[in-house]
Structure formats: structure tokens, C-alpha cells
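Analysis of the macromolecular model
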Amino acid sequence: MMETILKPSTKFLFVWLFTSALMTTFARAQSAGSFMVTAGAAWINFPWSHSQEIRSSSAFGTFDSAGTDAQVHNTFAVHLPLTYFITDHIAAEAVLGIPPTLHLAAQGNMAPFGSGGPALPLGTLQPVASARVWAPMLLAKYYFGSPESVIRPYVGAGINYTWFTNVDLHPTLAGALGQVAGPGGSVHASLSSSWNPVVTLGATYNFAKQWSLTGSVTYLPVKTTASFNSVAQNGSVVLENKTRITADPIAFFIGVGHRF
């Protein structure tokens, strides 16, 4: 059996050739003119979510329900970032995805007609509403390192527009408001839309010629006004209820990207 023995100079040349081949594999993975599609999942956390006290207005006056508070539950979402590299370091990114359903919980006693009127106990963080949230983002990102780097950290900032659909109240709350609306009346619920700033930081790991793994943390200060009103059969608002909700989510994202 013949055994091949590499001399030190030959070993050095072999290592150099292997390293050069590896770097060539990753070359231009994230360079000017390249386009990358990433698909992954985000854990959306709401560590600071809270609301103002519920304010109710009717023919009896305007009253604040002392001690009432609403919070947003954490959830998962599917994100689809689309990234275009304008230069080797600067990229524009649009973040789309499948809108998740958010669940709101509340606590305290809702007294829409003041302390002398009937109260609706909300309990301790009981579910009160759900809604689908649409929150696309447009970001400008700066990538450190070079296009040949296997690991490239980045920072980014941009803007987001958030709106809500399919806003549904919990049957207990909807039933109580329906009684106020009277025969033939209805209950209308909505969450206001908003423009919000976005900041993000993360890194990509280029593990193949056209494939990469991305992880990021993104923060956007979202606030919305929740309205849930009792409307009489003739269309007039019998009871108007509002509260300002501060969500301020933090999204932890991980995904796999493909470069074109």
C-alpha cells in the first residue's frame, strides 16, 4: 500500500487552496446587486403591554373604570424578509409574512355608567378580544464585514404600518354590550392603525454558496386605540368605550435565506 506524505510546504499549499476555495464559495453571497429571500418564524413578545383605564361615554356622562387594564399575549408569526443589497454593506428590506392572531386579556371592573351603575367584572387577565394584526416593515440595513465574510452582523432601522382585521370580542363582553344596545342593536369593535418606527439588529451565517441562516431582534413601539361600542338598531351609539393600548412588541426571528 502506498501512503502519501505531504511535506510542510505542500501542507501549507493544501490548506491555502482549501481556504481559498471556501472563501470563493461564500464570495459575493451578500454583495451589491444580490437579492435574498428569507423565510422563518418569529416569537413576538409583549413585555410592556398595558392600557389606560377604560373610558365610557353615554347619555349618563363620561366615566373612567378605575383599575381596568388590558394586555397582549405573546404569539408566533411567520415572517418573509425580502432583502436587496444596494451596496456591499447597505441593503433595503421589506418584511412581509402571515398575519398572526393576537389575543387581548383584561382585568378590573368595567363600570360604564359610573360607580352607581352596573359593573362588568373583567376578572384577572381574562380574555376579552382577538384580532389579526398586519404589520409589514420597510428597513434600511447596514452589514458589517465584507461579502466574503461567513458571519455578517447588521443593524437596521425603518418604518412600519400596523392595522387590524377580524376584531372579535369575547362572548361574555359582547353579550353584555349587546344588552345595552337593546333589541335589534349590535356591538362594533375596532383597533386603530398606526405608523411606527422600527429598529433591528442581527447577523447572518452563510453556510453555503447561496444559503444563509439569519437571526435578529426587532423592536417597534406600537400603540392602538381599542373601541367597543353598543349601537342601537337605528345606528346611534348608545355606549362608547375606548382605551389606549401600548403593545411595544419585541420580535425574535430566525430563518433560512436563499440568494438569487
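Residues numbered from 1 in each chain as written. Predicted model: local features only at pLDDT ≥ 70, side-chain atom pairs only at ≥ 80, totals over all residues. Heavy atoms only, no water.

1. Topic: the overall build of the chain
Quick reminder of the rule: Per the convention used, a helix needs a DSSP run of H or I reaching at least four residues, while a strand needs a run of E reaching at least two, with both numbered from the N terminus. In this scheme, a residue with accessible area under 20% of its type's maximum is buried, one over 50% is exposed, and one in between is partly exposed, where area comes from a 1.4 Å probe on protein chains only. Contact criterion: two residues are considered in contact whenever any of their non-hydrogen atoms come within 4.5 Å of each other. Computed by Shrake-Rupley with a 1.4 Å probe, the accessible areas treat only the displayed protein chains as cover when residues are assessed.
Of regular secondary structure, the chain possesses two helices and 17 strands. The buried share among the 260 residues of the chain stands at 39%. The contacts in the chain between residues at least 6 apart in sequence include a share of 71% that link residues at least 24 apart. Approximately 13,800 Å² of the chain is accessible, and the part contributed by carbon and sulfur atoms is 66%.

2. A few points about the pattern of salt bridges
Inclusion rule: The rule for a salt bridge is simple: a side-chain nitrogen of Lys or Arg has to be within 4 Å of a carboxyl oxygen of Asp or Glu.
Evaluation of the coordinates by the stated rule reveals two salt bridges. Here Arg 55 ties to Asp 64 by a salt bridge, and the two come within 2.7 Å at their closest N and O atoms. Salt-bridge contacts for Glu 93 lead to Lys 141; the nearest nitrogen and oxygen are separated by 2.9 Å. Placement of Glu 93 in strand β7 (residues 90–98) and of Lys 141 in strand β10 (residues 137–143) is noted, with a sequence separation of 48 residues between them.

3. Brief notes about the nonpolar core
Note the cut-off: For this analysis, a nonpolar core means a set of buried residues of the types Ala, Val, Leu, Ile, Met, Phe, Trp, Tyr and Cys, connected via side-chain atoms within 4.5 Å.
Grouped together as the largest cluster of nonpolar side chains are 33 residues, with contacts concentrated most on Met 110, Leu 122, Val 128, Leu 173, Leu 177 and Phe 228. Looking at this core element by element, the count peaks at six residues for strand β9 (residues 120–134). Aside from chain neighbours lying at most four places away, what touches Val 128 is Leu 104, Ala 105, Ala 106, Leu 122, Asp 168, Leu 169, His 170 and Leu 173. With five residues, the next largest nonpolar core counts Met 36, Phe 85, Tyr 143 and Tyr 154 among its residues.

4. Some thoughts on the confidence of the model for the chain
Inclusion rule: A score from 0 to 100, pLDDT tells how confident the predictor is in each residue.
Across the chain, the average pLDDT comes to 89, with 89% of residues at or above 70. The weakest mean pLDDT in the chain belongs to helix α1 (residues 8–26) at 39; the strongest belongs to β10 at 98.

5. Here's the deal with the environment of Lys 141
Basically, it comes down to this: Nitrogen and oxygen atoms within 3.5 Å of one another constitute a polar contact, given that in protein one can donate a hydrogen and the other can accept it, and given that sequence-neighbouring residues count only through two side-chain atoms.
By relative accessible area, Lys 141 is classed as buried at 4%. A C-alpha to C-alpha distance of 5.6 Å links Lys 141 and Val 155, two positions 14 residues apart in sequence. Apart from the residues lying within four places of it in its own chain, the contact partners of Lys 141 are His 89, Ile 90, Ala 91, Glu 93, Tyr 154, Val 155 and Gly 156. In terms of polar contacts, Lys 141 uses its side chain to reach the side chain of Glu 93, at 2.9 Å. At 3.1 Å, the side chain of Lys 141 forms a polar contact with the side chain of Tyr 143.

6. Side note on helix α2 (residues 171–181)
Because the α-helix completes a turn every 3.6 residues, residues three or four places apart line up on one side. As a reminder of what qualifies: This arc is built from the directions going out from the helix axis to the C-beta atoms.
Looking only at α2, the buried set comprises Leu 173, Leu 177 and Ala 181. Angularly, the buried residues of α2 cover 85° about the axis, an arc narrow enough to put them on a single face. Those residues of α2 that are exposed and angled more than 90 degrees off the buried face are Pro 171, Thr 172 and Gln 179. Once α2 finishes, Gly 182 follows within two positions and takes phi at roughly 85°, a positive value.

7. Brief notes about the packing of aromatic side chains
Geometry of an aromatic ring pair is reported as the spacing of the ring centres plus the angle between the planes. Convention followed: To pair, rings of Phe, Tyr and Trp, with the six-membered ring standing in for Trp, must have centres within 6.5 Å; the planes then decide the type, stacked if under 30 degrees apart, edge-to-face if over 60, and tilted in the middle.
A complete count under the given rule lists eleven aromatic pairs for this structure. Ring geometry for Phe 35 versus Phe 260: centroids 6.4 Å apart, planes at 40°, classification tilted. Placement of Phe 35 in strand β1 (residues 35–45) and of Phe 260 in the segment after β17 (250–259) is noted, with a sequence separation of 225 residues between them. Seen from their ring centres, Phe 85 and Tyr 143 are 4.9 Å apart, and the 50° between their planes marks the pair as tilted. Note that Phe 85 is positioned in strand β6 (residues 75–85) and Tyr 143 in strand β10, a separation of 58 residues in sequence. Across this residue pair, the class does not change: Phe 85 and Tyr 143 are buried.

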